[in-house]
Amino acid sequence: MKTVLSSLGRIVPYLFYLAFVYFLMCLWRPAKAQSAGALQIGDTLPEVTVSRVMNMNSSTVKLSDFKGKLLIIDFWATWCAPCVTMLPRIDSLQKQFEGKAYFLSVTSEPESKVTAFLDKYARRHGKRIQLPTVVGDTLLHKLFYHSSIPHYVWIDESGVVRAVTEMGEITAPKINAFLAKNAVLTQKQDEQRTAYSAEKPFLAGSNGGDGARLIYHSVLSKYVPGIPGGFSWKIDSLSGRRITITNCARIWLYRIAYGKPGGWFHESNVRLVTRDSLKLSSQLYGERYLDWMRDGNGFCYEIIVPASFQQKTNELMQGQLRDFFPQYTAEVVCEKRQSLALVRLGAGGVIESGGGAPVLEIGRMGWKVRNVSPARLVARLNQLQSHKLTIVDQTGLNAPIDMDVEAGLSDIEAMNRQLSRFGLAFVEKQTEQEVLVISDKN
């Protein structure tokens, strides 16, 4: 499921994409409005030559070369969790249906990034993905318009676009049925993008100007089709502070309002004491999640305050939540809870930073840390929602460090083998933590 707020002058942005289960990490991707040249179901594929192709005999391929066989075009990205989950399944299906069906993976990311990702994937899983992959693509993205990934286009042996689906349709039985010409595929529905700029106050626009003279602004709306889900902050010592939340569940309004400025409550530190928790949060994804959001459970919210009110922003937001959702109460309490603590194994091992610009790259299969303190590393891990438990820093280290790690928090054993080189480890333990409790008012 993404808004990038640029740093202009004194403005320091803090942008993080929500790690909704599958949806908001991957559902939305930057896209332009559907072009007139985009193909529809039933259209015949034009003569198209694609360049920058990996894992084939040639770096260019004509889509007409696949005629006579089923072709499934897979639009994906290295940062998309569902897309990565599908890689081994698609690789297996490609082998199973060799000569009858072909997969062509397509990403707009550069070859260097895709190659590095696939190398890490091979080292971690002991298996290399060899799917034909188009990198740095712009042509196919225009030809097959979509606003979310993963996105699968089914083209029959005659070169006719027959279906556009989500990942659930990519199975051996579905492919067999398609080849036998009796498949019933659930079509994927992509919403058209609505013109939206995160640099302007939400919903100001033509109704009263562009919002440049606003002193105080607060708005709450239901789910707005076409706007990507996410949230961001802007803080400026002179002009004030802004919090923007777009197309999120109620629970995220509370997690941000009651969190520290510029942060939010980790999922494991939120306790719901309600008769119907599905009004606050959902574990659905894809179209089912969007349907749930449209059914009165998705919201957009923004608050802008002047500099003199910066310290009251969260307090103001909490008051508005009490007014707009009077059926709930929220409070922060201290509790002993299970956490994932970053600790030192002993003296030495830790590599003190050699200086330079801070670098903090956190991926599914590795980290690159330069001139960053353990506390800042832990804060970023919690922001990225990389683990089911809240992560705490118990290293006692204040100085910045440098390290490279080729592992992810989904595999703690592998992560700790990497961290042991630096005299560090993750351990589960009970720690005193702040917990957000959301309850029914009555």
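Residues numbered from 1 in each chain as written. Predicted model: local features only at pLDDT ≥ 70, side-chain atom pairs only at ≥ 80, totals over all residues. Heavy atoms only, no water.

Draft legend 1. How the structure looks around the state of the cysteines. What the rule picks out here adds up to one disulfide. Across the disulfide, Cys80 is cross-linked to Cys83 (sulfur-sulfur distance 2.4 Å). Between Cys80 and Cys83, the S-S torsion sits near 70°, and that sign places the bridge as right-handed. Accessibility classification places Cys80 together with Cys83 in one group, the buried group. Of the cysteine sulfurs around Cys248, a residue in no disulfide, the closest is that of Cys300, at 7.6 Å. (Disulfide = S-S within 2.5 Å. Buried < 20%, exposed > 50% of the residue type's maximum accessible area, 1.4 Å probe, protein only.)

Draft legend 2. Fine view of the environment of Asp156. Locating Asp156 in the fold gives a position in the loop between β8 (151-155) and β9 (161-165). Separated by 89 residues in sequence, Asp156 and Lys67 place their C-alpha atoms 7.7 Å apart. If we ignore the near neighbours within four places in the chain, the residues touching Asp156 are Lys69, Arg162 and Phe178. Reaching out from Asp156, the side chain makes a polar contact with the backbone nitrogen of Val160 at a distance of 2.9 Å. (Helix = DSSP H or I, 4+ residues; strand = E, 2+ residues; numbered from the N terminus. Contact = heavy atoms within 4.5 Å. Polar contact = N/O pair within 3.5 Å; in protein donor to acceptor, adjacent residues only side chain to side chain.)

Draft legend 3. Representation of the nonpolar core within the structure. Among the nonpolar cores identified, the biggest contains 54 residues, and Leu63, Phe144, Trp154, Ile170 and Ile175 are the most heavily contacted of them. Examining the composition of this core, we find that six residues originate from one element, helix α2 (residues 81-96), more than from any other. If we ignore the near neighbours within four places in the chain, the residues touching Ile170 are Ile72, Met86, Arg89, Ile90, Leu93, Phe103, Tyr152, Trp154 and Thr165. Core analysis: the second largest hydrophobic core is formed by 32 residues, Ile251, Leu280, Leu290 and Met317 among them. (Core = buried A, V, L, I, M, F, W, Y, C linked by side-chain atoms within 4.5 Å.)

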